[in-house]
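Notes for the structure review
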2 protein chains.
Amino acid sequence: MFEQLGLIGCGLMGGSFALACKRAGLVKRVVGYSKSPSTTERARQLGVIDQEASSALMAVSGSDLVLVAVPVAATEATLKAVKGLITPTTLLMDVGSTKRDVVDAARRALREQMGSFVPCHPITGKEVAGVEHADANLYIDQKIVLTPVEKTLTAQLKRATALWAALGGKVVTMSPDAHDAAFAAVSHLPHLIAFAAINAIIRQPQGNEYLDLAGPGFRDFSRIAASDPQVWHDIFATNKAQLLEQSQFFRENLLAMERMIENSDRAGLMQQIAQASATRAAWHMGADKPGR
Amino acid sequence: MFEQLGLIGCGLMGGSFALACKRAGLVKRVVGYSKSPSTTERARQLGVIDQEASSALMAVSGSDLVLVAVPVAATEATLKAVKGLITPTTLLMDVGSTKRDVVDAARRALREQMGSFVPCHPITGKEVAGVEHADANLYIDQKIVLTPVEKTLTAQLKRATALWAALGGKVVTMSPDAHDAAFAAVSHLPHLIAFAAINAIIRQPQGNEYLDLAGPGFRDFSRIAASDPQVWHDIFATNKAQLLEQSQFFRENLLAMERMIENSDRAGLMQQIAQASATRAAWHMGADKPGR
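Keep in mind that this is a model prediction, so the values were computed, not measured.

Residues and elements named next belong to chain B. Reading across from one edge, β3-β2-β1-β4-β5-β6 is the order of the six strands in this open sheet, with parallel pairing throughout. With partners counted over all chains shown, the strands left at the sheet margins are β3 (51–52) and β6 (117–118), one partner each. Both strand β5 (residues 91–94) and β6 contribute to a ladder of two bridges, which runs parallel. In the strand pairing of β6, M93 is matched with V118.

And the structure:
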């Protein structure tokens, strides 16, 4: 399907993509670049990439498929650096967790080559980072959200859709803003809440003793609070408006429940809890609605 | 160790206690009572209890060990019903998730027999309720919090400690108020937050579509929102003061992080996230401090 994958960022997401493409026979050769030369070397030693590139531009040279798998904040500089070698036949994708910001950065960086760019967000990951944990199975049965814009070439969107599907992903298409609102609600806000909940506990005099008593419910609830600080700082900063809107809405719902507890409003509180409980009990990860 | 266990409430917690006691050879006979006769019958059929009692009082008759494993809101009425057969040699325990409320109810119900009562909260459970899921291993390696008061007989506290230890539990002793503050922070508030977070999503026009996109982070974060509404309504109502204090403190921490996001306070936000992330990464469930 593709002659050469130019991989920029040989971490967990990029490395897994390379392994999955190779296993599926979708690329003949992978040329990789990472900011840290030792990461690039390690990726080659592990067989994740076939050849090390000395720059992002060199990784794109001769590649008909390019995946940018760098922190969201580095997307614009990366796209600017490689723009000169992007043509209308190059399929260029990213894997960033926010999309409005990425699309805006891509518009500024790519200009007339914007049509080759298909913004992607694979809904997957691991607790651990780094090319050592790259996994050819990472994308199987996982949702892959594509957020094309008006300038996106239909042909490239089709190629991207077919490629992710061939890797086992379930492709969903939506606008960058709809994507960012959805993930502010179901991912970014839960992370923000989990960070704030941990901090609220440890700032109390007995906080550490409280933590010693926490059980499995707390373990699962707070697991995402152990996530990488830099990654989450950047996500919060790039998806600021949507995140703040979701957080305010959440606080209003929390306050309403507090008032019911305070006022011993049994019926109201039961209704709130029952609604949440029934919703969560019926929810299954990756649930598909008919006709979507 | 004991002649007869009188089990009041043959659900998951009570049934598991009976099975564990029998397997450890700590009781010769188990007489059980549940509000629903079909539950009591099922418990006998499953071998969780040896004999069905027609009332809570009948379950206590002839028992030197009594476990009250009913919803917290039913504790006072249950203790009043059995008080006449409690003697200074009866070890009487509960398994309620809140303790100030239970201790106050016990004082009112038991009066001069208060010394026989050792308030307990085993930090364990399952997603599923009912005697069908009773499990003799439920208490192994789990924290068991005992919250004795001044009137508690030292001899009964010692017997309770030895009993739970013999079932594999790790016994911790603290005051009822310290218990309630700790669990407001690490259990009750996380549940309240999870309920409010689900409701905040589904009250948005696109809420159900957002939920379809949620991944493993959301799955774990929100798992406790599927908990039993009645149980959690009662816990929130009985631990009102401590829960509202914890919730307010959490909201203040959340708002502080929102302000940093709004003001693009990079250093401040990084510091908040890094502190939470390092704390959660270092945390292990049931961590014991030396000397406790």
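A word on the interface of chain B and chain A. In this assembly, 72 residues from chain B lie in contact with 71 residues from chain A. Of all the secondary structure elements, the ones that give two or more residues to the side of chain B that touches chain A are α7 (176–202), α8 (207–212), α9 (216–222), α10 (229–238), α11 (240–262) and α12 (266–282) of chain B. For the side of chain B that touches chain A, the leading source of residues is α7(B), giving 16 residues. The residue inventory of the side of chain B that touches chain A, partitioned by class, reads 45 nonpolar, 15 polar and twelve charged.

The next subject is unusual backbone geometry. Positive phi, normally seen in glycine, also occurs at D141(A), with a value near 65 degrees. You can see D141(A) is positioned in the loop between β7 (120–122) and β8 (143–146). The phi torsion at R111(B) lies on the positive side, around 45 degrees, for a residue other than glycine.

A separate point is the domain arrangement of chain A. Residue and element names in this part refer to chain A. Structurally, chain A comprises domain 1 (2–174) and domain 2 (178–282). Taken residue by residue, the interface counts 13 residues in domain 1 and ten residues in domain 2. Partitioned by chemical class, the residues of the side of domain 1 that touches domain 2 number six nonpolar, four polar and three charged.

Residues and elements named next belong to chain A. Viewed as axis vectors pointing N to C, helix α11 (residues 240–262) and helix α12 (residues 266–282) meet at an angle of 145 degrees, and their least axial separation amounts to 8 Å. Handedness of the crossing formed by α11 with α12: left-handed. Residues M257, M260 and I261 of α11 lie in contact with α12, whose contacting residues are G268, L269 and Q272. Partitioning the contact of α11 with α12 into residue classes produces four nonpolar, two polar and no charged.

A separate point is the sheet that holds strand β7 (residues 120–122) of chain B. Residue and element names in this part refer to chain B. Read across the sheet, three strands follow the order β7-β8-β9 without closing on themselves; strand pairing throughout is mixed. On the outer flanks of this sheet lie β7 and β9 (170–173), each paired with one strand and no other. Along the sheet, successive strands turn relative to each other by an average axial angle of 20 degrees, direction set aside.

Right, let's get into the relation of the copies chain B and chain A. For the pair chain B and chain A, the best superposition has an RMSD of 0.1 Å and corresponds to a rotation of 180 degrees with a translation of 0.0 Å parallel to the axis. Both copies are brought into coincidence by an operation consistent with a two-fold rotation axis. In terms of proximity to the rotation axis, the leading residue of chain B is F221(B), whose C-alpha is 1.9 Å off the axis. A share of 99% of the interface residues of chain B reappears at the interface of chain A, consistent with the copies meeting face to face through the same patch.

This part covers the pairing of strand β4 (residues 65–68) of chain A. All names here are of chain A. Covered by surrounding structure in β4 are L65 and L67 together with V66 and V68, the residues of both alternating faces. Bridge count between strand β1 (residues 2–8) and β4: four bridges; the pairing is parallel. Note on β4: the bridge partner recorded for L5 is L65. When β4 meets strand β5 (residues 91–94), the two strands line up parallel, connected through four bridges. Note on β5: the bridge partner recorded for L65 is L91. You can see the chain leave β4, run along helix α4 (residues 75–82) and come back into β5, and the turn it takes is right-handed.

A separate point is the packing of α4(A) against helix α5 (residues 100–110) of chain A. Helix-helix packing: each pair is described by the crossing angle between the helix axes and the interaxial distance. Residue and element names in this part refer to chain A. Closest axis-to-axis distance for the α4/α5 pair is 9 Å, and the angle between their directions is 30 degrees. Viewed along their axes, α4 and α5 adopt a mutual orientation that is roughly parallel. Taken as a pair, α4 and α5 cross one another with a handedness that is right-handed. Of the residues in α5, those in contact with T75, E76, L79 and K80 of α4 are V102, A105, A106, R108, A109 and L110. Partitioning the contact of α4 with α5 into residue classes produces six nonpolar, one polar and three charged.

Parameters at a glance
- Residues numbered from 1 in each chain as written.
- Chains lettered and ligands numbered in written order.
- Predicted model: local features only at pLDDT ≥ 70, side-chain atom pairs only at ≥ 80, totals over all residues.
- Pairing = 2+ DSSP bridges.
- Helix = DSSP H or I, 4+ residues; strand = E, 2+ residues; numbered from the N terminus.
- Contact = placed C-beta atoms within 7 Å.
- Nonpolar A, V, L, I, M, F, W, Y, C, P; charged D, E, K, R; others polar.
- Domains from an automatic or database assignment.
- Axes fitted to C-alpha atoms, helices over the stretch in contact; angles between N-to-C directions.
- Left-handed = near helix turned anticlockwise from the far one by under 90°.
- Least-squares fit on C-alpha atoms with pLDDT ≥ 70 in both.
- Buried ≥ 20, exposed ≤ 12 C-beta atoms within 10 Å, placed from the backbone.
- Right-handed = clockwise from strand over helix to strand, strands pointing away.
- Parallel < 35°, antiparallel > 145°, perpendicular 65-115°, else oblique.

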